Amino acid sequence: MEPEIIISFFIFYFLLEELGNTHRRSRRGIYLRLRARDDHRLPRPVYCRINPTVPVLDRYFNGQDTKTDFRLGREALAVLLDLLGQERSHGWGATIETLVFLFWLASGTSYRVVSRVFGMPRSTVHRIVHRVTEEVVAIRHKVIHLPKTPEDLVAVTNGFAGLARHRAFGKAAGAIDGCHVRIKPPSGPDGHCYRNRKLFSSIILQAVCDHQGRFLDTYVGWPGSVHDSRVLRHSPLYRSLYPPPGHFILADGGYPCLQHPLPLITPYKRPVRGVGAQRFNWHHSRARSIIERAFGMMKTRFRAIFLQALEVHHTFVPHVITACAILHNICLGADDIMAPEEEDEPEEDVEEDEGGDGLEAVSGAPWRDQLSAEVSALEEAHPDHQYIQAMERHIQYTLETNPGCPTDRRHQGL
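Bear in mind the structure is a predicted one, so any value in this text is a computation, not a measurement.

Moving on, we get to the packing of aromatic side chains. Here a ring pair, both rings aromatic, is described through the centre-centre distance and the interplanar angle of the planes. Applying the stated criterion across every chain, the model contains eight aromatic pairs. Both rings, one in F103 and one in F118, keep their centres 5.6 Å apart while their planes meet at 80 degrees; by these two values the pair is edge-to-face. Of the two residues, F103 is situated in helix α5 (residues 94-107) and F118 in helix α6 (residues 111-118); the sequence distance between them amounts to 15 residues. F103 gets classed as buried once you look at its relative accessible area, which sits at 11%. Judged by centre distance (5.4 Å) and plane angle (85 degrees), the ring pair of F248 and W367 falls under edge-to-face. Of the two residues, F248 sits in strand β4 (residues 248-250) while W367 sits in helix α14 (residues 365-375), which places them 119 residues apart along the sequence. Three or more aromatic residues joined by ring pairs make a cluster, and in this case those are Y60, F61 and F70.

What follows is about the environment of L371. Take L371: it is sitting in helix α14. For L371, a relative accessible area of 4% gives the class buried. Sequence separation between L371 and F169 is 202 residues, and the spatial gap between their C-alpha atoms is 7.8 Å. Among all residues touching L371, those that are not within four sequence positions of it are A168, F248, I265 and F280.

Taken as a whole, this structure holds eight salt bridges when the rule is applied. Between R59 and D69 there is a salt bridge; the shortest N-O distance is 2.9 Å. Within this pair, whereas R59 is found in helix α2 (residues 55-61), its partner D69 is found in helix α3 (residues 67-70), the two being separated by ten residues in sequence. Its relative accessible area of 10% is what places D69 among the buried residues. When the shortest N-O distance is used, the salt bridge between R288 and E292 registers 2.8 Å. Taken together, the residues span about one helical turn, with R288 and E292 both in helix α11 (residues 275-301) at a distance of four residues. By relative accessible area, which is 8% here, R288 ends up buried.

The rules we used
Residues numbered from 1 in each chain as written. Predicted model: local features only at pLDDT ≥ 70, side-chain atom pairs only at ≥ 80, totals over all residues. Heavy atoms only, no water. Phe/Tyr/Trp six-rings, centres within 6.5 Å; stacked < 30°, edge-to-face > 60°. Helix = DSSP H or I, 4+ residues; strand = E, 2+ residues; numbered from the N terminus. Buried < 20%, exposed > 50% of the residue type's maximum accessible area, 1.4 Å probe, protein only. Contact = heavy atoms within 4.5 Å. Salt bridge = Lys/Arg side-chain N within 4 Å of Asp/Glu carboxyl O.

See below:
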């Protein structure tokens, strides 16, 4: 009897086990069918959940002004999100990650501070900042570009003629200049290469803008000790097909006056001789100063980036600067303008001779003289211009104090 009892026990055990497995499979099938039905009704939740009570996000989602926290208005922010256009089924979501990046860019604080503000790990903030920066730089060609149509080029040239208040500048297709961005210098023997003539470490941003201050071309990455003309010579713009034949780009005295390969028109160097050259420099300065205003607007918007040394690796700085230039153009397109603040010490033009290796192969001096002659034409010399009134007072004072001075012969054309 004992073997029969043991066999019966095992048979009963296996029957119970099979019944339990069948019951579990049935329950799992019901669960999967219910889950499939719910997935069609409700969207799948994101992987991470953000705390909506965070003050920064509370102000954003409740429709308050976003300039205080992110330095971009709502229209510009909507344009940026539309250009990025990356919906994620995992992570924090494109909107939250973009806000984290903009907050870091606007405040210039450390990753630790941003992580506390948004309630997320510091390593996550680091990854978000670097990833979104690369995504913004990837849309550069959509935001920073040269005039695409002849109508766009005509609008730019007419705009510069209006800025200069003279039709002789009706062929100006842009204004170029360089901007020094403070950085934390790299350690090692190459750190001194980033120290510029103002004795702080920087990276150079070369930019060309149109008559409205919108960047047409940017080139960033050279150490601060390098001269502007050398940066220009190694930039893609120097050998490009822009501007078209017959047009030129306005530059300050730190650049050479060229006709080829890149048409650049610079002012007459000091000391300026003759009223015609002074008139030309006055009109030239009015038109060229738009590039300084563009830099000023960008610096005012992102003060934490441009008015203190960036606490990031120097190889990441060019990406951050390019992202700021892209956001600057987006804001101008959305009519989100911040007036530039006055700088305490305007930069002086450093005139250096760097044309020994063919930089000035075809000088633009004859072209500049032709433009100066057009500026000096009598039909363009309105008597209410301030520089003419000032020049007349200067000449009159010189004649009264020094009758033997040949000023009257030199300024007969006034």
